[in-house]
Amino acid sequence: MGKTYERIDGRLRSFIEAQPLFFTATAPLSGDGTVNLSPKGLRGSFAVLDELTVAYLDFAGSTAETVAHLRENGRITLMWCAFQGPPNIVRVHGRGEPVFRDDPRFRELLPHFPDIDPSAHGLRAIVVVTAELVRDSCGFAVPYMAFEGERELHGRRFSREDDASLSEYFSKKEHIATSLDGLPGLPLPLPPATL
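This text gives an overview of the structure that appears in the document. (Residues numbered from 1 in each chain as written. Predicted model: local features only at pLDDT ≥ 70, side-chain atom pairs only at ≥ 80, totals over all residues. Heavy atoms only, no water.)

**A word on the overall build of the protein chain**
In terms of helices and strands, the protein chain carries five helices and eight strands. Along the protein chain, from the amino end to the carboxyl end, the secondary structure elements read β-α-β-β-β-β-α-β-β-α-β-α-α. Taking 2.2 N^0.38 as the reference for a compact globule, 195 residues should give roughly 16 Å; the C-alpha atoms of the protein chain span a radius of gyration of 17 Å, in line with that estimate. Each of the three principal axes of the protein chain carries a C-alpha extent, and together these read 50 × 40 × 30 Å. (Helix = DSSP H or I, 4+ residues; strand = E, 2+ residues; numbered from the N terminus. Rg over C-alpha atoms; globule rule 2.2 N^0.38 Å.)

Structure below.
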């Protein structure tokens, strides 16, 4: 049976930090808007900032749905599944905010991610999530799957970009500056990175 936690600490924090993959879910306020569900990987791109706050690096991609939804309403759920070991699913329901590259907090947040080179992946923002509800559940139906390693394609693709070419790349994508539902997405041109 599921359990509610007051904070992200101890066993719960260890479980979250050990997972190589998590998912984000967001939606616009509009009842007929597009619900978004995204997988997030790359070791070192997620951090527990304190007992109620987590953050992850938002890298270059084909859309900016999560960013757009967070800018509109801030609602987000993060989910981790145990694909190895004892069955477990952990969800953090909360309020998220994309901290963009020109925000003074961006530079303050970067040291929380010492195990990854963000410049190699087209870093767009850092998403900070404040937990409002933390729950786990059994995960009995989640299959066993083995983690074989990180894919190198993302880093190879975006490591050759600088701020200007990355901004140009984003401007050519249909759903970066605006979401599928027309909400403001990633601010363009991309502000220079303060790495």
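**Describing the pairing of strand β7 (residues 89-100)**
The pairing of strand β6 (residues 75-81) with β7 spans seven bridges and is classified as antiparallel. Paired with Thr-77 across the strands is His-93, a residue of β7. Pairing analysis gives twelve bridges linking β7 to strand β8 (residues 125-137), with the strands arranged antiparallel. For Glu-97, the partnering residue across the bridge sits in β8 and is Val-128. (Pairing = 2+ DSSP bridges.)

**With respect to the state of the cysteines**
Summed over the entire model, instances satisfying the criterion amount to zero disulfides. Here Cys-138 is not disulfide-linked; the sulfur of Cys-81 is the nearest cysteine sulfur, at 11 Å. (Disulfide = S-S within 2.5 Å.)

**Points about the packing of aromatic side chains**
In the structure shown here, the tally under the stated rule is six aromatic pairs. Plain terms: the ring middles of Phe-158 and Tyr-169 are 5.4 Å apart, the flat faces sit at 75 degrees to each other, and that makes the pair edge-to-face. Here Phe-158, found in helix α4 (residues 153-158), pairs with Tyr-169, found in helix α5 (residues 163-172); they are eleven residues apart in sequence, far enough to count as distant. On the accessibility criterion, Phe-158 (5% relative accessible area) is buried. Relative accessible area serves as the criterion here: at 19%, Tyr-169 is assigned to the buried category. Through successive ring pairs, a cluster of aromatic residues spans Phe-22, Phe-46, Tyr-56 and Trp-80. Across from the ring centre of Phe-158, 4.6 Å away, lies the NZ or CZ of Arg-157, which sits over that ring. (Phe/Tyr/Trp six-rings, centres within 6.5 Å; stacked < 30°, edge-to-face > 60°. Buried < 20%, exposed > 50% of the residue type's maximum accessible area, 1.4 Å probe, protein only. Lys NZ or Arg CZ within 6 Å of the ring centre and 35° of its normal.)

**Some points on the nonpolar core**
In terms of nonpolar packing, the biggest core is built from 21 residues, with Ile-8, Phe-46, Leu-78 and Trp-80 touching the most fellow members. Mapped onto this core, the elements with two or more residues apiece are α1 (10-18), β4 (46-50), β5 (53-58), β6, β7 and β8. Top contributing element to this core by residue count: β8, with four residues. Aside from chain neighbours lying at most four places away, what touches Ile-8 is Arg-13, Ile-16, Val-48, Glu-51, Val-54, Val-92, Ala-131 and Val-134. Within the second largest apolar cluster, 14 residues are counted, among which are Ala-47, Val-99, Leu-109 and Leu-110. (Core = buried A, V, L, I, M, F, W, Y, C linked by side-chain atoms within 4.5 Å. Contact = heavy atoms within 4.5 Å.)

**Some words on the environment of His-69**
In this fold, His-69 is placed in helix α2 (residues 65-72). Spatially, the C-alpha atom of His-69 lies 30 Å from that of Pro-143, the residues being 74 residues apart in sequence. A polar atom in the side chain of His-69 sits 2.7 Å from the side chain of Thr-26. (Polar contact = N/O pair within 3.5 Å; in protein donor to acceptor, adjacent residues only side chain to side chain.)

**Quick word on the pattern of salt bridges**
Scanning all chains against the criterion turns up eleven salt bridges. As a salt-bridge pair, Arg-13 and Glu-17 come within 3.0 Å of each other at their nearest N and O atoms. One end of the pair is Arg-13 and the other is Glu-17, both in helix α1 and four residues apart, which spans about a single turn. For Arg-157, the salt bridge identified is with Glu-161, shortest N-O distance 2.6 Å. Through salt bridges with shared partners, one network takes in Glu-6, Arg-7 and Glu-51. (Salt bridge = Lys/Arg side-chain N within 4 Å of Asp/Glu carboxyl O.)

**With respect to unusual backbone geometry**
Outside of glycine, negative phi angles account for most residues, and trans bonds account for most peptide bonds. In this model, Leu-188 is joined to Pro-189 through a cis peptide bond whose omega is 0 degrees. With respect to the helices and strands, Pro-189 occurs in the segment after α5. Residue Leu-42 is not a glycine yet carries a positive backbone phi of 70 degrees. The residue Leu-42 is located in the loop between β3 (36-40) and β4 in this model. Classification of Leu-42 as buried rests on a relative accessible area of 18%.

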